[in-house]
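Structure at a glance
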Amino acid sequence: MDQGRLRNSRHPVHNEGATRSLVELSQAMATPNRLKERMRVKNTPSQNESSSAWKDMPKSVQTFLQLRGFSSYDEAIEFLEFPLKNLTDPLKLKDMDIAVARLEKAFTSNEAVCVYGDFDMDGTPAVALLVRALRGLGFKNVFHIQPDRHKDGYGFHTHLAKKMMDENKVTVFITVDVGITDVAAVREVNALGADVIITDHHQEKEELPQAFAVINPNQKKCNSGMGHLCGTGVALYVAMALNRHFRENKISEKFLDIKNLLDCFAIATIADLVPLKKENRVLVRHGLKVLEKTSMVGIQALLNLLKLSEKTLNAADVGIRFVPKLNSLTRMGGEILPIDLFLVENGEQALQLATRALEVNENRVRSLKTAEQELETLFGASETKNFFWSYSGTFHKGLVGLLASKVVNATQKTAFVGALLSDGKTIVGSARTANVNGNNVFEALTSCRHILKKFGGHPQAAGFELDVEQAGAFDTALAAYFSQCEERKNKPTDDAVDMEVTVGEAKEFLHWMDRLEPFGVGFTAPVFAFPDVILSEVKPLKGNHFRLTLRDQRGQSIGAILFGHNGEPPLEQHMYRVVGEPQWNEFRGNKTPQLMVKSFQLTDLQDSISLEL
Ligand SMILES: [Mn+2]
């Protein structure tokens, strides 16, 4: 990116700039060294002026960057504009050369290759990316398979590999986002006569699988320094290495424009919550542009139906509005799977799939609402307890995690919510706790292990399974555990606020948003507090939403949106402290500054009330 322009202008990158840098990106990914030289020449003259400190930046942007841990302008710019020349050579990933050689052999001898990916929204885009890449390079027999979330569970499974071998004569498996711990399955599949190339980003255990190649930036023996990549990120680097090797050695007549695969990369990197730094950051930024015009017709159809194709996509659109619609498909019976939307090629079929996907989502929202209402009636019964445990035959087992989170939000208690399966015997449940409570659900479940058939997870989120006859014993065991822990109330705090601003400062900040995006893990979106603003307009919208206008002491106004507010509506013409995230609201091509309200507090009454969302 052009750093000189950043310093001389307070305005965001224009579209031509983004398009041009995509061309640069294609070149960078195809021939890293040539670009490296070009970039070096281009960057040299501006290096000297780079110490011009923060003075060209609005104060609010400077403060924001300092709050995110950058002590100098140069350090911040290095992060914001991670240069493409710094993209790591794919061959730096351990075993990449071995994998490329094996895939070359598969190509020349026309072997059937199967991409095996996890079912989640990292594994799925990774499958799509690699299938597109292999086909794009001219591979003729490319298959893919993913385990069923409920039937098979996470992992590289022998029975699924065997099925692909029996049905499609697959001789090479490439895993994506999965496999690093599947020592036994890899051994079994080897014994059946296929080679396995593992690509993953999860932590290794004591023993690595005896695979043909193990590509994982997070294995101890890999020095690539790319541990922040998600599974799809690793798959992208496989595609880059393969493309370069095939091109340089004239192995195939077909080559890839790697940048076209960045749509998958962006979706997964945002969905998998890996830190948006270095190549993740720069490639997500480009990937969002690619996603806007994606060649995947199913994904385009879904973006259209969600009205996301009418605006400039940002990380929040993808993470909050798009990914959950795909994610829920695997939880709701699997009639349509996310991978179908990634790989469908026929436009008409794409529209049908996307339409049906949204219907499945609506059903999910409905059953979630019903379950929530049922849960709420049970809150009273657990009032005297410092945890919540309940199960029902009407809860869908794909929703128990979400339900447990809802209970945590509503009651501030650690929650255990179970679905009684149709066999009438087994309860499949999920546990959640609010971070701030410091309660460890994994530890809680461990203390109940004599009662549980299965359990696993993390301190904040875990899953478990038990017989319905044990439901009472589970309650007793949890009570014993929690009586030892003092549960602190999750008090609403102002901690998340970055700074107090005037409306003018917020607007000035917004002109930098394109530069600062994408926000995510490790670089969270700004949260501003407007200390004393008059709500000059409060307009109720459908579905408990409100449109507000805030006017500050200097008479400047900004629009605001308050989503899903169930309590007392804010009062027009009263003074509030309003906290929220600044953003651009795009409507029919018009962009206006807006605040997404997180909380508000009346400040012009002595007896002030605090409403926390
Ligand atoms: Mn992953």
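Just so we're clear, the structure is a prediction, and the values are computed from it rather than from any experiment.

1. Focus: the packing of helix α10 (residues 231-248) against helix α11 (residues 262-271)
Their axes nearest at 8 Å, the elements α10 and α11 cross at an angle of 155 degrees. Classified by the angle between their axes, α10 and α11 sit roughly antiparallel to one another. Both α10 and α11 take part in a crossing whose hand is left-handed. Residue-level inspection shows T232, G233 and L236 of α10 in contact with α11, the latter providing L262, C264, F265 and A268. Within the contact of α10 with α11, the residues separate by chemical class into 5 nonpolar, 2 polar and no charged.

2. Remarks on the nonpolar core
In globular proteins that are soluble, nonpolar side chains generally tend to be buried together. F139, L236, F322 and F342 are the most contacted members of the largest nonpolar core, which has 102 residues in total. Examining the composition of this core, we find that 10 residues originate from one element, α10, more than from any other. Beyond its immediate stretch of four places on either side in the chain, F139 contacts L103, A106, F107, V113, L134, L242 and F246. Formed by 40 residues, the second largest nonpolar core is a distinct cluster that contains V61, M513, F519 and F523.

3. What about the packing of helix α16 (residues 347-379) against helix α17 (residues 400-411)?
It is at 10 Å that the axes of α16 and α17 come closest, and there the two elements cross at 45 degrees. The pairing of α16 with α17 is recorded here as oblique in orientation. Between α16 and α17 the crossing geometry is right-handed. Contact with α16, carried on its side by R364, L368, A371, E372, L375 and F379, involves L402, L403, K406, V407, A410 and T411 of α17 and no other residues of that element.

4. Re the coordination of the manganese ion
All of the protein donors around the manganese ion are D122 (OD), D177 (OD), H201 (NE2) and D272 (OD); their distances to the metal are 2.2 to 2.5 Å. Here the donor residues of the manganese ion are spaced in sequence according to D-x54-D-x23-H-x70-D. A residue pair is termed long-range when its members are at least 10 positions apart, and D122 in the loop between β1 (112-117) and α7 (123-136) and D177 in the loop between β3 (170-176) and α9 (183-192) qualify at 55 residues. The pair D122 / D177 is uniform in exposure class, with both members buried.

5. A word on the pairing of strand β10 (residues 461-467)
Bridge count between strand β8 (residues 426-432) and β10: 7 bridges; the pairing is antiparallel. Across the sheet, the residue bridging to S430 is G463, located in β10. Connecting strand β9 (residues 454-457) to the next strand, β10, in antiparallel fashion are 3 residues.

6. Describing the layout of surface pockets
Estimated volume of the second largest pocket: approximately 300 Å³. A per-element tally of the lining of the second largest pocket places helix α15 (residues 338-343) first, with 3 residues. Per-class residue counts for the lining of the second largest pocket are 6 nonpolar, 7 polar and 4 charged.

7. Considerations on the side chain of T330
Position of T330 relative to the elements: it lies in helix α14 (residues 315-331). Under the relative-accessibility criterion, T330 is labelled buried at 8%. Side-chain polar atoms of T330 contact the side chain of R149, separated by 3.0 Å. Residues contacting T330, with those up to four places away along its chain left out, are F119, R149, H150, L337 and P338.

8. With respect to the pattern of salt bridges
Counted according to the given criterion, the structure contains 22 salt bridges. One salt bridge in this structure joins D195 and R102, with 2.7 Å as the shortest N-O distance. Within this pair, whereas D195 is found in strand β4 (residues 195-199), its partner R102 is found in helix α6 (residues 96-108), the two being separated by 93 residues in sequence. Under the relative-accessibility criterion, R102 is labelled buried at 5%. Two residues, D475 and K385, come together in a salt bridge whose shortest N-O distance is 3.1 Å.

9. Looking at the confidence of the model for the protein
Here the protein averages 86 in pLDDT, while 88% of its residues score no lower than 70. Scored below 50 in pLDDT, residues 1-19 makes 35 contacts in the model with residues more than four places away or belonging to other chains. Here residues 487-493 is modelled with pLDDT under 50, and outside its nearest four sequence neighbours on either side it reaches 17 contacts, counting other chains as well.

10. Quick notes on the sheet that holds strand β7 (residues 414-420)
In space, the 5 strands of this open sheet follow the order β6-β7-β8-β10-β9, with mixed pairing throughout. Among the strands making up the open sheet, the edge pair consists of β6 (387-392) and β9. Sheet twist, expressed as the average angle between the axes of neighbouring strands with direction ignored, equals 15 degrees. Both β9 and β10 contribute to a ladder of 4 bridges, which runs antiparallel. Across the sheet, the residue bridging to G456 is G463, located in β10. Strand contacts of helix α19 (residues 471-484): β6, β7, β8 and β10, with the helix running at about 165 degrees to β6, the strand carrying the most contacts.

11. Topic: the packing of aromatic side chains
Taken as a whole and judged by the stated rule, the model has 25 aromatic pairs. Relative to F464, the ring of W389 lies with its centre 6.0 Å away and its plane at 65 degrees, an arrangement referred to as edge-to-face. Here W389, found in strand β6, pairs with F464, found in strand β10; they are 75 residues apart in sequence, far enough to count as distant. Both residues of the pair, W389 and F464, belong to the buried class.

12. Concerning α11
For α11, the tally of buried residues reaches 9 of 10 residues, placing the bulk of the element in the interior. The set of residues buried in α11 consists of L262, D263, C264, F265, A266, I267, A268, T269 and I270. Looking at the residues trailing α11, positive phi occurs at L273, about 55 degrees.

13. Digging into unusual backbone geometry
Look at the link from E517 to P518: it is a cis peptide, with omega at -5 degrees. The topology assignment puts P518 in the loop between α21 (513-516) and β12 (528-540). For K169, which is not glycine, the phi torsion reads 55 degrees and is therefore positive. The residue K307 is not glycine, and still its phi comes out positive at about 60 degrees. Along the chain, K307 turns up in the loop between α13 (297-305) and α14. Under the relative-accessibility criterion, K307 is labelled exposed at 53%.

The rules behind these values
Residues numbered from 1 in each chain as written. Predicted model: local features only at pLDDT ≥ 70, side-chain atom pairs only at ≥ 80, totals over all residues. Heavy atoms only, no water. Axes fitted to C-alpha atoms, helices over the stretch in contact; angles between N-to-C directions. Helix = DSSP H or I, 4+ residues; strand = E, 2+ residues; numbered from the N terminus. Parallel < 35°, antiparallel > 145°, perpendicular 65-115°, else oblique. Left-handed = near helix turned anticlockwise from the far one by under 90°. Contact = heavy atoms within 4.5 Å. Nonpolar A, V, L, I, M, F, W, Y, C, P; charged D, E, K, R; others polar. Core = buried A, V, L, I, M, F, W, Y, C linked by side-chain atoms within 4.5 Å. Buried < 20%, exposed > 50% of the residue type's maximum accessible area, 1.4 Å probe, protein only. Donors = N, O, S within 2.8 Å, 3.2 Å for Na, K, Ca; no water. Pairing = 2+ DSSP bridges. 1 Å grid on protein atoms, 1.4 Å probe; cavity = no way out; pocket = protein on both sides within 12 Å on 5 of 7 lines; lining within 4 Å. Points joined across faces, edges and corners; volume = space filled by probe spheres on them. Polar contact = N/O pair within 3.5 Å; in protein donor to acceptor, adjacent residues only side chain to side chain. Salt bridge = Lys/Arg side-chain N within 4 Å of Asp/Glu carboxyl O. pLDDT = per-residue confidence, 0-100. Phe/Tyr/Trp six-rings, centres within 6.5 Å; stacked < 30°, edge-to-face > 60°.

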